Amino acid sequence: MNLQFHTVAIAYAKGITSGQTLASLKVKQSCQRFLNDLINTTSRWFLVPELSNEVCRVAELMRHEKGKLQGERFRLEPWQVFILTNIFGMVDETGTRKYREAFILVPRGNGKSPLAAIIAIWMAFFDGEPGSEVYCGAGSEAQAYEVFRPAKAMLEQEPELLKRYGITVAAKSIYQTSTRSRFKPVIRNPKDGASVYCGILDEWHEALDAGQYDCFKTGASKRKNSLML
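Calculation criteria
- Residues numbered from 1 in each chain as written.
- Predicted model: local features only at pLDDT ≥ 70, side-chain atom pairs only at ≥ 80, totals over all residues.
- Heavy atoms only, no water.
- Helix = DSSP H or I, 4+ residues; strand = E, 2+ residues; numbered from the N terminus.
- Rg over C-alpha atoms; globule rule 2.2 N^0.38 Å.
- Contact = heavy atoms within 4.5 Å.
- Areas by Shrake-Rupley, 256 points an atom, 1.4 Å probe, with all protein chains shown as cover.
- Lys, Arg positive; Asp, Glu negative; His and termini not counted.
- Charge placed at Lys NZ, Arg CZ, Asp CG, Glu CD.
- 1 Å grid on protein atoms, 1.4 Å probe; cavity = no way out; pocket = protein on both sides within 12 Å on 5 of 7 lines; lining within 4 Å.
- Points joined across faces, edges and corners; volume = space filled by probe spheres on them.
- Nonpolar A, V, L, I, M, F, W, Y, C, P; charged D, E, K, R; others polar.
- Axes fitted to C-alpha atoms, helices over the stretch in contact; angles between N-to-C directions.
- Parallel < 35°, antiparallel > 145°, perpendicular 65-115°, else oblique.
- Left-handed = near helix turned anticlockwise from the far one by under 90°.

**Notes on the overall build of the protein**
Consideration 1: Of regular secondary structure, the protein possesses 8 helices and 8 strands.
Consideration 2: At 17 Å, the protein has a C-alpha radius of gyration in line with the 17 Å of a compact globule built from 229 residues.
Consideration 3: In terms of principal-axis extent, the alpha carbons of the protein reach across some 45 × 40 × 35 Å.
Consideration 4: Long-range contacts, defined as pairs at least 24 residues apart, comprise 71% of the intrachain contacts of the protein with a sequence gap of at least 6.
Consideration 5: Summing over all exposed atoms, the protein offers an accessible surface of approximately 12100 Å²; the carbon and sulfur share of this is 53%.
Consideration 6: Placing the 30 positive and 24 negative side-chain charges of the protein at their respective mean positions leaves the two points 1 Å apart.

Written out as structure tokens, the structure reads:
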């Protein structure tokens, strides 16, 4: 288990910007922004390795839901470490994260939904947010469960973790009574009054309009370190 995940993220970014690893323009720009923040002493943002390392450590405690790797623990790829390090590791002096919104494009079959499920689990139960509300949304029930189902399967395979943190896994929700935190799938829009800590929009290219995004975004504005994914 690599406890220095931030070094993996840095090496990945350097490999991309140097041309050692082929990548698109957007990926190159993302990596360059990350490296610029590391060396710019006047930047508001800086990397706190412990923050990103802990998220990645918890991610690698999770197990695959299906396929030939079913039951085996996750081993994060460098690009996944880079994403998690950017989202959770870059903060300012007040602890406010640089990125409140992350738009991730991943080709089919490369673990997009499991990665989103890991982020959902972290944001709901391990980020220290009391009464965290995490929603994975889509236009249909089947699509809404594409992130919820692997998250549910991951936690069901870790009974000791559930017991230790008081997390209950139900058919249509995962919740933690002690903090009143929850994670659930949502079809179309959450109810009025939702204080979204993490809103996950899966397969966003299939959305008919921006209604669900707008609803999540409005709810997320109430939280300091909320995330739109």
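**What to know about unusual backbone geometry**
Negative phi characterises most residues that are not glycine, and trans characterises most peptide bonds.
Consideration 1: One non-glycine residue, Arg180, lies in positive phi territory at about 60°.
Consideration 2: By the element assignment, Arg180 lies in the loop between β5 (174-176) and β6 (181-187).

**Notes on the environment of Ile10**
Consideration 1: Along the chain, Ile10 falls in helix α1 (residues 5-17).
Consideration 2: Along the chain, Ile10 and Thr85 lie 75 residues apart, while their C-alpha atoms are 9.2 Å from each other.
Consideration 3: Once you skip the residues sitting within four places of it in the chain, Ile10 turns out to touch Phe34, Leu35, Leu38 and Leu47.

**Quick word on empty space enclosed by the protein**
Where empty space is left becomes clear once a probe the size of a water molecule has been rolled over the atoms.
Consideration 1: A complete count under the given rule lists 1 cavity of 30 Å³ or more for this structure.
Consideration 2: The calculated volume of the largest cavity comes to roughly 30 Å³.
Consideration 3: For the largest cavity, the full set of lining residues is Val55, Val58, Ala59, Met62, Ile118, Ile121 and Trp122.
Consideration 4: Elements with a minimum of two residues in the lining of the largest cavity: α3 (49-59) and α5 (112-125).
Consideration 5: Its residues assigned to classes, the lining of the largest cavity comprises 7 nonpolar, no polar and no charged.

**Topic: the packing of helix α4 (residues 78-89) against α5**
Consideration 1: The contact between α4 and α5 brings their axes to 12 Å, and the two run at 30°. Classed by the angle they form, the pair α4 and α5 counts as roughly parallel. Between α4 and α5 lies a crossing of right-handed hand. Residues Trp79, Gln80, Ile83, Leu84, Ile87 and Phe88 of α4 form the contact with α5, whose own contacting residues are Leu115, Ile119, Trp122 and Met123.
Consideration 2: In terms of residue class, the contact of α4 with α5 is built from 9 nonpolar, 1 polar and no charged.

**Some remarks on the layout of surface pockets**
Consideration 1: When its volume is computed, the largest pocket comes out at roughly 1300 Å³.
Consideration 2: Contributing to the lining of the largest pocket are 45 residues, with Val106, Gly111, Lys112, Ser113 and Pro114 lying nearest its centre.
Consideration 3: Secondary structure elements with two or more residues in the lining of the largest pocket: α4, α5, α6 (141-156) and β7 (198-201).
Consideration 4: Split by residue class, the lining of the largest pocket holds 22 nonpolar, 9 polar and 14 charged.
Consideration 5: The volume enclosed by the second largest pocket comes to roughly 790 Å³.
Consideration 6: Listed by contribution, the elements that provide at least two residues to the lining of the second largest pocket are α2 (25-39) and α4.
Consideration 7: Considering each element in turn, the lining of the second largest pocket owes the most residues, 6 residues, to α2.
Consideration 8: Here the residues of the lining of the second largest pocket are counted per class, giving 14 nonpolar, 4 polar and 3 charged.

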